[in-house]
Amino acid sequence: MQSHFLLLAASLLVTLTIYHLIKAARWFFLGSGTPIKLRGPPNPSFLFGNLKETWFSASLLHCRVVVYTATDRIVTMDAKAIQHIMRNEHIYGKPQGDLRILKLILGEGNNEIVSRNHATYRERINPAFAANRIRELTGTFFEKSFELRDIWAAKITAASGVGRIDSVDWLSKTTLDVIGLTGFNYHFNALNDTGKVNELNKAFSAISGSSDMTSVWIPLQAQLPKAIIPLLMAVSSMKSSAEIMQRTGKELLVESKAYLAGTGEKNDNWGARDLLSLLLKSNMSTDIPEDERMSDADVIAQVPTFLIAGHETTSVSTTWALFSLSRHQEIQTKLREELLSVPTEKPSMDVLNELFYLDAFVRETLRLYTPLTNIARTALQDDILPLAHPIIDSDGVIHDSLPVRKGQPLIIAVLGVNTDRLLWGSDAYEFKPDRWLKVPDNVDTIPGVWSNLMTFWGGSRACIGWRFSIIEMKALLFTLVRNFEFELAVPVEEIILHRVASMQRPSLSSDYSRAKLPLLIKPLKT
Ligand code: HEM
């Protein structure tokens with residue numbers, strides 16, 4: 001068995017080396033995908049190129065990633081170029097590597113999302129994410145936040161006054177429970193102190209990158225040649241995890257269909273308000289011609305899609321919110337004052353949205369700590385990118401647009417735009433919720449779907465769940481900040497960034513293997 005594994009590993013290594021050598025040679029002799037010699041930051045690493053350096057650099061850059069992918073990428077923060085990419089998603093598609101992985105995880109479905117049928121998919125799914133639907137889900141957001149509050153309160157009592165918790169872990173459990181219930185009326189029961197994890201939760205963790213192994217696995221797979229992926233999937237836990245997710249998706253679909261058909265199988269007073277049932281309802285509407293309906297496979301694919309897209313993103317954002325409150329005690333006090341002025345522990349979505357400082361605080365968190373630091377696209381045909389700001393190439397020539405060749409990989413620097421000093425001012429890297437009292441005029445040029453930020457992307461593929469996650473974050477913060485005081489449990493210098501693919505999470509320099517944020521929590525002094 002061991003010799004088989006070694007043989008497989010050795011063959012893979014040889015295949016990969018040959019593959020990357022061919023790619024590197026092609027890159028060396030044919031050059032990059034753009035005829036213009038773009039400038040970029042120095043390249044400090046033979047293996048990883050200067051990808052990391054570009055995350056924080058200004059304007060349009062030439063980013064060269066050597067060996068790992070042997071490709072030159074264009075990294076852009078230019079508002080006009082980004083708007084052009086958003087408006088022409090048929091020209092700028094998701095990278096092939098990402099699509100291959102999505103396909104393997106989501107099964108036969110998901111064609112609607114990644115293919116020309118994307119507009120139909122959005123049409124069917126949009127009603128499930130409308131404001132009136134999120135208003136109905138707000139109660140569930142609160143119920144889960146109360147469960148978390150009670151678990152933390154018990155920990156404080158057991159520790160005689162000050163609890164120590166890993167907020168990454170607990171918030172991840174909370175948002176998983178929330179998306180299970182609101183997404184497809186599924187009980188993960190992740191919020192428990194017994195350490196017990198159900199089958200779907202385990203499968204999802206193996207795929208989502210929250211386990212240590214997958215932090216290497218997922219970004220690596222996106223770079224691998226097409227033929228190798230199924231082989232690697234077979235020897236990893238990814239395959240069986242994907243199968244469990246798809247099987248559960250099928251079961252949930254059968255239940256939802258039964259409920260909608262009026263048999264009442266899926267009762268428990270839920271009233272079929274979960275996202276999957278709403279999607280199904282809109283898909284089965286008699287107004288829609290048969291050939292325009294999403295297939296069952298595409299509907300099933302929404303289960304892992306909601307999990308992957310909507311769970312960690314929201315928990316990571318809320319983790320960063322607690323980090324910011326712990327670092328800035330004056331902001332924590334100011335926020336708490338506003339939240340305590342509300343006479344109920346379970347306000348409506350509209351009341352949450354009227355809380356001005358809470359709103360500014362959430363915007364500032366999602367600006368500075370956007371969970372996804374960049375977005376990747378590949379040019380599917382030759383094109384010309386218009387530019388808001390002309391660029392000077394390495395020969396000193398000025399260009400006010402950028403020709404792009406078919407196959408050119410592009411990276412849109414989400415974090416770069418959210419923290420661009422030219423747009424936000426010299427304090428762009430500081431955490432200041434008050435900046436939302438008067439937002440600089442220039443910021444209007446950022447083409448994001450929400451709050452002039454790139455956090456939720458924009459255009460026809462903008463995040464469909466932005467309203468969902470903002471209200472969920474607000475409900476969680478409302479409950480937690482009204483009940484506890486937060487402090488960092490380790491010196492701030494020990495907290496570093498943990499990156500899996502483009503997701504940024506906090507971690508500790510003493511234990512970089514996974515995301516973690518230890519906090520000290522005390523009950524609120526009354
Ligand atoms: C803070 C939380 C969130 C952030 C920062 C976020 C961010 C994003 C971004 C940047 C994209 C575009 C990705 C791309 O095109 O490459 C996206 C797409 C998407 N998001 Fe979110 N998201 C969040 C929460 C959610 C939630 C809660 C859900 C669902 C319950 C969700 C569902 C989706 C879906 C389905 C797409 C694909 C949309 C399409 O292709 O038409 N997201 N999200």
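Here the structure is shown first, and the text comes after it.
Every chain's residues receive numbers from 1 upward, in the order its sequence appears when written. Where totals are concerned, whole chains, interfaces and linings use all residues; where local detail is concerned, this predicted model gives features only for residues with pLDDT of at least 70, and gives and counts side-chain atom pairs only at 80 or more. The basis for every side-chain value is the complete set of non-hydrogen atoms in the structure, without hydrogens or water.

1. What to know about the packing of helix α17 (residues 329–340) against helix α22 (residues 466–483)
All axes are obtained by fitting lines to C-alpha atoms, using only the stretch in contact for helices, and the reported angles, taken between N-to-C directions, cover 0 to 180 degrees. Helix and strand definitions follow DSSP, with helices as H or I runs of at least four residues and strands as E runs of at least two, each counted in order from the N terminus. Their axes nearest at 9 Å, the elements α17 and α22 cross at an angle of 105°. With respect to α22, the element α17 is oriented roughly perpendicular. Packed against α17, whose contacting residues are Gln332, Leu335, Arg336, Leu339 and Leu340, the element α22 presents Leu477, Phe478, Val481 and Arg482 at the interface. Tallied by class, the residues present in the contact of α17 with α22 amount to six nonpolar, one polar and two charged. Should an angle fall under 35 degrees it is called roughly parallel, over 145 degrees roughly antiparallel, and 65 to 115 degrees roughly perpendicular, with every other angle called oblique. Contacts between residues were defined by any pair of non-hydrogen atoms, one from each residue, lying within 4.5 Å. Three residue categories are used. Nonpolar comprises Ala, Val, Leu, Ile, Met, Phe, Trp, Tyr, Cys and Pro, charged comprises Asp, Glu, Lys and Arg, and polar comprises the others, including Gly.

2. Quick look at the site of the ligand
Taken together, 27 residues are adjacent to the ligand, and His118, Arg122, Gly310, Arg377 and Cys463 come closest. At 3.4 Å from a nitrogen atom of the ligand is found a main-chain nitrogen or oxygen belonging to Ala309. Sorting the residues of the shell around the ligand by element identifies α6 (118–125), α15 (302–310), α16 (312–327), β5 (374–379) and α22 as the ones contributing at least two each. Here the shell around the ligand is built from residues that sort into 14 nonpolar, nine polar and four charged. Proximity criterion: a residue is near a molecule or strand once any of its heavy atoms comes within 4 Å of it. Pairs of N or O atoms are called polar contacts if they sit within 3.5 Å, as long as, within protein, a hydrogen donor faces a hydrogen acceptor (for residues adjacent in sequence, only side-chain-to-side-chain pairs).

3. A look at the packing of helix α7 (residues 131–158) against helix α8 (residues 167–184)
Contact geometry for α7 and α8: axes closest at 10 Å, N-to-C directions at 150°. Classed by the angle they form, the pair α7 and α8 counts as roughly antiparallel. Of the two possible hands of crossing, α7 and α8 adopt the one that is right-handed. Residue-level contacts link Leu137, Thr140, Phe141, Lys144, Leu148, Ile151, Trp152 and Lys155 of α7 to Trp170, Leu171, Thr174, Asp177, Val178, Leu181 and Thr182 of α8. Class assignment for the residues of the contact of α7 with α8 results in nine nonpolar, three polar and three charged. Should the near helix be turned anticlockwise from the far one by less than a right angle, the crossing is left-handed, and should it be turned clockwise, the crossing is right-handed.

Functional significance is not addressed by these values, which are geometric in nature.
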